[in-house]
Amino acid sequence: MAETASRPKELHVLAVDDSLVDRKVIERLLKISSCKVTAVESGSSALQYLGLDGEKSSVGFDEDLKVNLIITDYSMPGMTGYELLKKLKTSSALKRIPVVIMSSENIMTRIDRCLEEGAEDFLVKPVKLSDVERLKDYMLKGEEEYNKANATHKRKMDDDSLSIPAAAAAGELEEDPSSVLPTSLQLLSTHLTCDLSAASGQGAWSSKRPRLMD
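Residues numbered from 1 in each chain as written. Predicted model: local features only at pLDDT ≥ 70, side-chain atom pairs only at ≥ 80, totals over all residues. Heavy atoms only, no water.

Caption draft 1: Structural context of the side chain of Asp131. Along the chain, Asp131 falls in helix α6 (residues 129–174). Since its relative accessible area comes to 8%, Asp131 is described here as buried. Once you skip the residues sitting within four places of it in the chain, Asp131 turns out to touch Leu123 and Pro126. (Helix = DSSP H or I, 4+ residues; strand = E, 2+ residues; numbered from the N terminus. Buried < 20%, exposed > 50% of the residue type's maximum accessible area, 1.4 Å probe, protein only. Contact = heavy atoms within 4.5 Å.)

Caption draft 2: Main features of the pairing of strand β5 (residues 121–124). As defined by bridge partners, strand β4 (residues 99–103) adjoins β5 across 4 bridges and the pair is classed as parallel. Across the sheet, residue Met102 finds its bridge partner in β5, namely Leu123. (Pairing = 2+ DSSP bridges.)

Caption draft 3: Spatial organisation of the pattern of salt bridges. With the rule as written, the count across this model stands at 8 salt bridges. In this structure, the salt-bridge partner of Asp121 is Arg134, at a minimum N-O distance of 2.9 Å. Of this pair, Asp121 sits in strand β5 while Arg134 sits in helix α6, and the two are 13 residues apart along the sequence. Taking the relative accessible area as the measure of exposure, Arg134 reaches 35% and is therefore partly exposed. Note that Asp131 and Lys128 form a salt bridge whose closest N and O atoms lie 3.6 Å from each other. Linked through salt bridges whose partners overlap, the residues forming this network are Asp17, Asp22, Asp73 and Lys125. (Salt bridge = Lys/Arg side-chain N within 4 Å of Asp/Glu carboxyl O.)

Caption draft 4: View of helix α5 (residues 108–117). Every buried residue of α5 is accounted for by Arg110, Ile111 and Cys114. In a view along the axis of α5, the buried residues occupy a sector of 100°, so they form one face of it. In α5, those exposed residues whose orientation departs by more than 90 degrees from the buried face are Met108, Thr109 and Glu116. Of the surrounding secondary structure, the elements contacted by the buried residues of α5 are α4 (81–89), β4 and β5. Of the residues trailing α5, Gly118 is marked for its positive phi of about 120°. (Arc of directions from axis to C-beta.)

Caption draft 5: Summary view of the packing of α4 against α5. Running from amino to carboxyl end, α4 crosses α5 at an angle of 10°, the nearest separation of the two axes being 10 Å. Viewed along their axes, α4 and α5 adopt a mutual orientation that is roughly parallel. Residues Tyr82, Leu85, Lys86 and Lys89 of α4 lie in contact with α5, whose contacting residues are Arg113, Cys114 and Glu117. Here the contact of α4 with α5 is built from residues that sort into 3 nonpolar, no polar and 4 charged. (Axes fitted to C-alpha atoms, helices over the stretch in contact; angles between N-to-C directions. Parallel < 35°, antiparallel > 145°, perpendicular 65-115°, else oblique. Nonpolar A, V, L, I, M, F, W, Y, C, P; charged D, E, K, R; others polar.)

Encoded structure:
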């Protein structure tokens, strides 16, 4: 039990490649480096796993689904790795996850475009074990960013939970019957004044009325 508790948590990598052979290669290299790997065959599958095919991210702050790094091939049918990168970097929930692009073509304009869009690195295939070992720095950076975002998220949730009772208490005070008591007393005083005035007027009229003869 002590060994399990002290064992460092696995870093989770989402690998995206339309080539089955390349997926197997990158998955094997990552597992040799003690990483947990989820491999998918397309950019749309990656978005589905991450929850970005809809309006809400399914990964969010779920510890079981958390991804520390995304490594994707550049040239894929349907959605390129560059297009996937752009979608990830426009997501408020997932933009902090480091993204690495890999390609069998060493084209400088392509590399520069990906780095400018926010990719951490660009690997030329075939990917080697030394490349994967270098990715650990990016994964640890992603872990730090996740922890910061998670802490911010929890603080916001705590603040929201505290603000609800405060708002409810404020609403109760607004509806407190004691707050309308002065108005009620004022109305009561007005009614009493009117009744007393009427009674006084009636008494004065009666005293001036001539007495009837017996």
